[in-house]
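If you want the building blocks of each chain, they are given just below.
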Amino acid sequence: MSRFMFSTGIENSSPTIENGRKRIDEMAACRHYDFWRDDFALVQDDLKVRTLRYGVPLYKAFLGPDRFDWEFSDLAFGNLRTRGVIPIADLCHFGVPDFIGNFQNPDFPELFGSYARAFAERFPWIQLYTPVNEMYVCATNSAAYGWWNEQLRTDKGFVTALKHIVKANILAMHEILKVRPDAIFVQSEYSGYNHAESPKAIAPAEFLNERRFLSLDLNYGKRVNSQMYRFLRDNGMTEEEYDFFMSEHLKSHCIMGNDYYEQNEHNVDESGRTASSGEIFGYNEITRQYYERYRLPVMHTETNTCEGPKGTEAVWWLRKEWANVLRVRNSGMPIVGFTWYSLTDQVDWDIALREDRGHVNPLGLYDLDRNPRPVGKAYKQLIEDWRDVLPAQSVCLTVPLADAAPFSAPAGDSSKQERSETR
C-alpha cells in the first residue's frame, strides 16, 4: 500500500520586478546552488522525507525555443534519484525566461508545453509533477496587484495572465503524458476564503469567493457561474478559449494540492477592499469547500509560519495544521500528503518578493546555515511517529512511484558526460 507523502520543498520562485529589469531567484538567495548536496542530505538522512517538491527555475533551463540547459538539472535530479527521494517536479514557479517576457505573452502556453515535453524526455523516470505552481497567485501578483513580471493592475491583465497560465499548465500535462502515460499532476494552489465585514460587503465577498476558484475551475473543466463567465468574457476570454478549458482538462490525472497559510483568509469591506483576517475557518473547512467542488484526492502542498520570539510559534502552527490534516482525513476526504514549505528559511517573502532587501524570513525547517529549527525537529518527530500509520488513502497512488529504491548507474554508463545543452 502506498504510504502518506510527508514532504518538504526547496523554494524556487523566480519572478522579475522593476519592470523586468531585475529577477528574484530564491534558490540563489537561500544559497541552494551552493549547498544543494547538503540540502538533499537533510531531506534523505535527517528528515527521512520520501518526496520533495523541487524544480530548477524555468529561466535557467529554458534558453529559447528548442534550447535547453540541463547541466544543473542533471546534477540535482540525478542526485535525488540516487538517494531514492521522489521529486514532485516543479517546472514553473512565478517566473518565465527573459525571451518570453511575462505572462501576457500569448506564445507562453505552447512554448511551455514544449519545455515540459523536453523535460519529461530528459527525465523519463519522474512521475509526479506540478507544471505551474500556484496559478491563481501567479496571475494575481503579476497582473492584478502589480507586484511581479508584467506588473499590471487590471482585470483584463489578470484574465489574460490567468488564461495563459492555465492553458500552459494543461498543455504541459498533455505533453508529459505523451512521454509518461502514468504521470500524476499535483496542483499546488492557493486555498482561501473571504469574509464579509458587514451586510453591504456580502456581494463583493461572494464575488471574490467565486474568483478564488477560477484557476482550478479552468484547469479541471468546471463550469463557472454566470457572474464569473461574464467577468472572463468582459476581460478578454473568448468563447473558443473558454470551450478549450471545458474540453481539454485532465482531471483524472490530478491531485488537488491545497496551500494554506494564516494569511489566506481575508476580511472584505463594502468597497471590495480586503485585509488579512488571520485564521478563522482553517485548513479543514476550506479544504472541504474545495473538495466538494472538485471531488479529487487532496494534498496539503504548502504551509509555514515564522519562528517568533518564543521559538515555539512555528511548532504550534505545525501541530495545528497537522490536526487539520487528520480532521480532513477523518471526515472522509482522501488526503495523500502534507508539506512544510520550505526546507530552509526564505528571503524577502515578508514583502512578497516585491523588493530585493535580503531579509531572511525564519520559515524553514532549517536556517540558512542548515541548522535545524525547532519546527524542523518537531516535523522530524511527527514523521517518525506517523509514517507507518497512515496509508495514502487513495487509489490514485497505487501505481508504482518512480524509482523509490535508490538508483545506481550501471558500470560504464557515460550518460553523465553527455552535453548539458541541446539545440
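Here the structure is a predicted model, which is why all the values come from computation and not from measurement.

**Q** Break down the overall build of the protein chain for me, citing the residues and quoting the values.
**A** A tally of helices and strands in the protein chain yields 14 helices and 18 strands. Across the 423 residues in the protein chain, those meeting the buried criterion constitute 58%. Counting contacts in the protein chain only where the partners sit at least 6 residues apart, residues at least 24 apart contribute 75% of the total. Each charge sign in the protein chain was given a centre, from 48 positive and 60 negative side chains, and these centres are 2 Å apart.

**Q** Can you lay out the sheet that holds strand β12 (residues 265-268) for me, pointing to particular residues and giving the numbers?
**A** In spatial order, the strands read β10-β12-β13; together these three strands make up an open sheet with mixed pairing. Two strands in the sheet have a free side with no partner beyond their single neighbour: β10 (193-196) and β13 (274-276). The average angle at which neighbouring strand axes cross in this sheet is 35°, direction not considered. Strand direction decides the pairing type here: β10 and β12, joined by four bridges, are parallel. In the strand pairing of β12, asparagine 194 is matched with histidine 266.

**Q** Any chance you could break down the environment of methionine 228 for me, citing the residues and the numbers?
**A** When you line up the elements, methionine 228 lands in helix α10 (residues 226-234). In this structure methionine 228 comes out as buried when scored by relative accessible area, which is 1%. For the pair methionine 228 and tyrosine 261, spaced 33 residues apart in sequence, the C-alpha to C-alpha distance is 25 Å. Dropping the residues within four chain positions of it, methionine 228 is found in contact with Phe207, Glu210, Arg211 and Leu214.

**Q** Account for the layout of surface pockets, naming residues and giving values.
**A** If a probe as big as a water molecule is rolled over the atoms, it shows which places are left empty. The computed volume of the largest pocket comes to approximately 1,300 Å³. Contributing to the lining of the largest pocket are 43 residues, with Asn141, Trp147, Gln263, Asn264 and His266 lying nearest its centre. Secondary structure elements with two or more residues in the lining of the largest pocket: α6 (135-143), α8 (202-211) and β13. By residue number, the principal contributor to the lining of the largest pocket is α6, which donates four residues. Of the residues that constitute the lining of the largest pocket, the class distribution is 16 nonpolar, 17 polar and ten charged.

Thresholds, definitions, all that
Residues numbered from 1 in each chain as written. Predicted model: local features only at pLDDT ≥ 70, side-chain atom pairs only at ≥ 80, totals over all residues. Heavy atoms only, no water. Helix = DSSP H or I, 4+ residues; strand = E, 2+ residues; numbered from the N terminus. Buried < 20%, exposed > 50% of the residue type's maximum accessible area, 1.4 Å probe, protein only. Contact = heavy atoms within 4.5 Å. Lys, Arg positive; Asp, Glu negative; His and termini not counted. Charge placed at Lys NZ, Arg CZ, Asp CG, Glu CD. Pairing = 2+ DSSP bridges. Axes fitted to C-alpha atoms, helices over the stretch in contact; angles between N-to-C directions. 1 Å grid on protein atoms, 1.4 Å probe; cavity = no way out; pocket = protein on both sides within 12 Å on 5 of 7 lines; lining within 4 Å. Points joined across faces, edges and corners; volume = space filled by probe spheres on them. Nonpolar A, V, L, I, M, F, W, Y, C, P; charged D, E, K, R; others polar.

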